[in-house]
Amino acid sequence: MEGDAAGNLIRVTPDADPGDAARLNGVVIPGVPNVHSHAFQFALAGKAERAGPSRADSFWTWRELMYGFLSDLDPDGMEVIATRLYRAMLARGYTSVGEFHYVHHDVDGHPYADPAETSRRLLRAAETAGIGITLLPVYYEDGGFGGVPAGPRQSRFLHDPDGFARLLQTLAPDFVSRPDRRLGIAPHSLRAVRPDRLTAILATLNALDPTAPVHLHIAEQPREVADCLDWCGKRPVELLFDTTTVDSRWCLVHATHLSEQERQAIAGSGAVAGLCLTTEANLGDGLFPAEPYLADGGAIGIGSDSHVCVDPAEELRWLENGQRLITGRRTVLADEPGSSVGTGLLQRVCRGGAAALGREIGAISAGSRADFVVLADQFEDTVDTPATLVDRWIFAPAGIRVVDTIVGGQSRLMN
Ligand SMILES: [Zn+2]
């Protein structure tokens, strides 16, 4: 591999004479894009595992705990948490992150003197750690479908379309000539953003960058689907596809509860389904219908979301094993007879993750960022094929280690 000073790969030659090139000791795979992160939630991970008084714990009771944590989190704290998180991601093989960022204002809900204060803290955390970032400022306005007013505990998240436009315009210069960054947006969900507001903020984004990524929480919980049906007679994915054009710049996060028609619509649109397997398990969300979705040609990416797990191998293990548990079969998501399940899934989430994050990443080829991960067996000089080592990393990881993570051509594990 040869790269340029800006951190891009300019030539990849299989079986080349190594000459005086630096040698990487292990199997080199593309750095994995992490399509969905709420960085501050890393500080809560593992601390919400005690049963509540009624034993009726759910996504919704967890959300109240999360809101409580935000009652005194300041920008310094956000930056410290995010820096630690991004270093943890690099240690496990993520080389880029989609930061779905919704805590914009101070604890009383007032904008900071710099309306982009917390966004800039996240950019700085990514730079300190050395990870690529797609920043996705969240538009959040309502507390429920149909314009239900947001509650006081949501006051740190809220914008109107004009304020959100100012935020994007303030941030845009921070992304100029930065191949390690991309700016997109994240309308939070259809419960927090009415269809006409979605149209307005998409127009704002398109004026800045008509190909920028758009991420949205779509159908995480059955109650969310029921509330949407109650309000408008449509399910969330139906409503989204009826009111806007969904294409390959979109990432639909937690596309968990889908009708067959909705599943086919997403698969046919080119949008990426942003799967957060370990968080979806932790919150009791449900299992994504991966087998029929992939059979229909759907694109996928993975994200660590609430960061109860920060490990791409474990997300991929849950993805395949979840399908095994519901189908009673093995190798459910393999591409074809004889193919490696792990390698096939890794390639899918690298390709889908690159699209979702809107950056030239996820491949070891000329023109891509020089982002990759080196895997090795810590107990022996491996004689595995690369595909077998990737399968072991995902399905039987004892002994398989990330021994180096390289982003933009530079080793990042010692940062
Ligand atoms: Zn999320």
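Residues numbered from 1 in each chain as written. Predicted model: local features only at pLDDT ≥ 70, side-chain atom pairs only at ≥ 80, totals over all residues. Heavy atoms only, no water.

## A short note on the nonpolar core
Turning to step 1, where the next piece is worked out: In terms of nonpolar packing, the biggest core is built from 103 residues, with Tyr86 and Trp250 touching the most fellow members.
Turning to step 2, where the next piece is worked out: Here tyrosine 86 is in contact with Ala39, Val97, Glu99, Leu122, Ala125, Ala126, Ala129, Ile131 and Ile133, once residues within four sequence places are set aside.
Turning to step 3, where the next piece is worked out: Val35, Val253, Ala354 and Ile361 belong to the second largest nonpolar core, which has 9 residues in total. (Core = buried A, V, L, I, M, F, W, Y, C linked by side-chain atoms within 4.5 Å. Buried < 20%, exposed > 50% of the residue type's maximum accessible area, 1.4 Å probe, protein only. Contact = heavy atoms within 4.5 Å.)

## Let's talk about the coordination of the zinc ion
Turning to step 1, where the next piece is worked out: The zinc ion binds to the protein through His36 (NE2), His38 (NE2) and His217 (NE2); the donor distances cover 2.0 to 2.2 Å.
Turning to step 2, where the next piece is worked out: On the primary sequence, the residues serving as donors to the zinc ion are separated as H-x1-H-x178-H. Here histidine 217 lies in strand β11 (residues 214–219) and histidine 38 lies in the loop between β4 (32–37) and α1 (59–69), a separation of 179 residues in the sequence. Judged on exposure class, the residue histidine 38 and its partner histidine 217 are both buried. (Donors = N, O, S within 2.8 Å, 3.2 Å for Na, K, Ca; no water. Helix = DSSP H or I, 4+ residues; strand = E, 2+ residues; numbered from the N terminus.)

## Quick notes on unusual backbone geometry
Turning to step 1, where the next piece is worked out: With phi around 55°, serine 177 is a residue other than glycine that occupies positive phi space.
Turning to step 2, where the next piece is worked out: Structurally, the position occupied by serine 177 is in the loop between α4 (161–171) and β9 (181–183).
Turning to step 3, where the next piece is worked out: Take serine 177: its relative accessible area is 70%, and that puts it in the exposed class.

## Points about the sheet that holds strand β3 (residues 27–30)
Turning to step 1, where the next piece is worked out: Across the sheet, 4 strands lie side by side as β3-β15-β16-β17; this open sheet has antiparallel pairing. Taken across any chain shown, the strands that pair with only one partner, and hence form the sheet edges, are β3 and β17 (410–411).
Turning to step 2, where the next piece is worked out: Pairing of strand β16 (residues 400–407) with β17 involves 2 bridges; the strand directions are antiparallel. Bridging across to β17, valine 407 finds its partner in glutamine 410. (Pairing = 2+ DSSP bridges.)

## Focus: the side chain of histidine 188
Turning to step 1, where the next piece is worked out: With respect to the helices and strands, histidine 188 occurs in the loop between β10 (186–187) and α5 (195–208).
Turning to step 2, where the next piece is worked out: The contacts of histidine 188, once residues within four sequence positions are left out, are Phe100, Val138, Tyr139, Tyr140, Val193, Leu216 and His217.

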